[in-house]
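What follows is the residue order along each chain.
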Amino acid sequence: MGSKTTTKDIITLRGSAAIVSEFFGYAANSILYNRGVYPEESFVKVKKYGLSMLLTQDETVKSFITNLNAQLSEWLESGKLQRIVLVIMSKATSEVLERWNFSIETDKEVVEKGEKSDKEIMREIQAIMKQIISSITYLPCLEEPCVFDVLAYTDNDVEVPFTWVESDPKLIENPQMVKLHSFDTKIHKVNTMVSYKNDEWNEE
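Procedures and definitions
Residues numbered from 1 in each chain as written. Predicted model: local features only at pLDDT ≥ 70, side-chain atom pairs only at ≥ 80, totals over all residues. Heavy atoms only, no water. Pairing = 2+ DSSP bridges. Helix = DSSP H or I, 4+ residues; strand = E, 2+ residues; numbered from the N terminus. Axes fitted to C-alpha atoms, helices over the stretch in contact; angles between N-to-C directions. Contact = heavy atoms within 4.5 Å. Buried < 20%, exposed > 50% of the residue type's maximum accessible area, 1.4 Å probe, protein only. Parallel < 35°, antiparallel > 145°, perpendicular 65-115°, else oblique. Left-handed = near helix turned anticlockwise from the far one by under 90°. Nonpolar A, V, L, I, M, F, W, Y, C, P; charged D, E, K, R; others polar. 1 Å grid on protein atoms, 1.4 Å probe; cavity = no way out; pocket = protein on both sides within 12 Å on 5 of 7 lines; lining within 4 Å. Points joined across faces, edges and corners; volume = space filled by probe spheres on them.

Engineer: Whenever I open this one, the sheet that holds strand 4 (residues 81-90) confuses me. Can you help?
Structural biologist: One key point about sheets: their strands pair by backbone hydrogen bonds, in either a parallel or an antiparallel sense. As summarised here, the arrangement of the 5 strands in space is 7-4-5-9-8, forming an open sheet in which the pairing is antiparallel. Only two strands of the sheet have a single neighbouring strand rather than two, namely strand 7 (146-154) and strand 8 (176-184). This sheet shows a mean twist of 15° between the axes of neighbouring strands, independent of strand direction. Note: strand 4 against strand 5 (residues 96-106), 7 bridges, orientation antiparallel. Bridging across to strand 5, Ile84 finds its partner in Phe102. Set on the sheet, helix 2 (residues 59-77) makes contact with strand 4, strand 5, strand 7 and strand 9 (188-196); between it and strand 7 the angle comes to about 10°. With respect to the sheet, helix 3 (residues 118-133) is in contact with strand 5, strand 8 and strand 9, its orientation differing from that of strand 8 by roughly 160°.

Encoded structure:
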């Protein structure tokens, strides 16, 4: 008689950092596409997380996200990254219209390695991506040209890289908030939330 054994995948700190930074790259692309920050024709379809995802072909944005992911991996490996926020602003006025908040919890107890199957992690990430893709159904239309920026919240002892600058938090006054799914590598847990400008507060 044969026997069947099942094992969890061992995830190293470096592997977990790579999963999280790659996730953010795809999430950023999906947000920029689905919120209409860049034209539809500047994206191409790829298969990832069991879904059809879209990646920008704009060389400036591609380079920005590639460099960002490399920096995020470094901070994640050192356990110094607390939060990443993708901010969508009015191109004309710089008013903040949306904040996509990815808060990161690092488990100090299992910071060297964790155990969780790749399939489980992929299912959790897939659920977040589906919510981003469907964001057009629950977020107000962005009816003006927009630009984006990325904020990183790190521990105080982290030296600011020369390509980054200190920034204000770019908050939204009286925002509406929608909490999205989270995913967990057993080393890093990522909680996702989007806040957006609520025009009803301006109505008399």
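Engineer: Looking at this model, I keep getting lost on unusual backbone geometry. Mind explaining?
Structural biologist: Only a minority of non-glycine residues have a phi that is not negative, and only a minority of peptide bonds are not trans. Even without being glycine, Tyr49 reaches a positive phi, approximately 60°. Mapped onto the elements of the fold, Tyr49 is located in the loop between strand 2 (43-48) and strand 3 (51-56). Positive phi, normally seen in glycine, also occurs at Lys170, with a value near 50°. Examined against the element boundaries, Lys170 turns out to sit in the loop between strand 7 and strand 8. Among the residues examined, Lys170 registers a relative accessible area of 17% and is labelled buried.

Engineer: Before we go on, may I ask you to explain the packing of helix 1 (residues 13-34) against helix 3 in this structure?
Structural biologist: When two helices pack together, their arrangement is given by the angle between their axes and by how far apart the axes lie. Running from N to C, helix 1 and helix 3 point in directions that differ by 20°, and their axes come no closer than 10 Å. It follows that helix 1 is roughly parallel to helix 3 by the angle criterion. Classified by chirality, the crossing of helix 3 by helix 1 is right-handed. Residues Ile19, Phe23, Tyr26, Ala27, Ser30, Ile31 and Asn34 of helix 1 pack against Ile121, Ile125, Ile128, Met129, Ile132 and Ile133 of helix 3. Split by residue class, the contact of helix 1 with helix 3 holds 11 nonpolar, 2 polar and no charged.

Engineer: For this particular structure, what's the right way to read empty space enclosed by the protein?
Structural biologist: Using a probe with the size of a water molecule, rolled over the atoms, empty space left in the structure can be pinpointed. A full pass over the atoms with the stated rule returns 1 cavity of 30 Å³ or more. Looking at the largest cavity, its volume works out to about 40 Å³. Contributing to the lining of the largest cavity are Val20, Phe23, Phe24, Leu72, Leu76, Leu81, Ile84, Phe102, Ile104 and Val190. Within the residue set of the lining of the largest cavity, elements represented by two or more residues are helix 1, helix 2, strand 4 and strand 5. Of all the elements, helix 1 adds the most residues to the lining of the largest cavity, at 3 residues. Class assignment for the residues of the lining of the largest cavity results in 10 nonpolar, no polar and no charged.

Remember, this is a structural readout, not a statement about activity or role.
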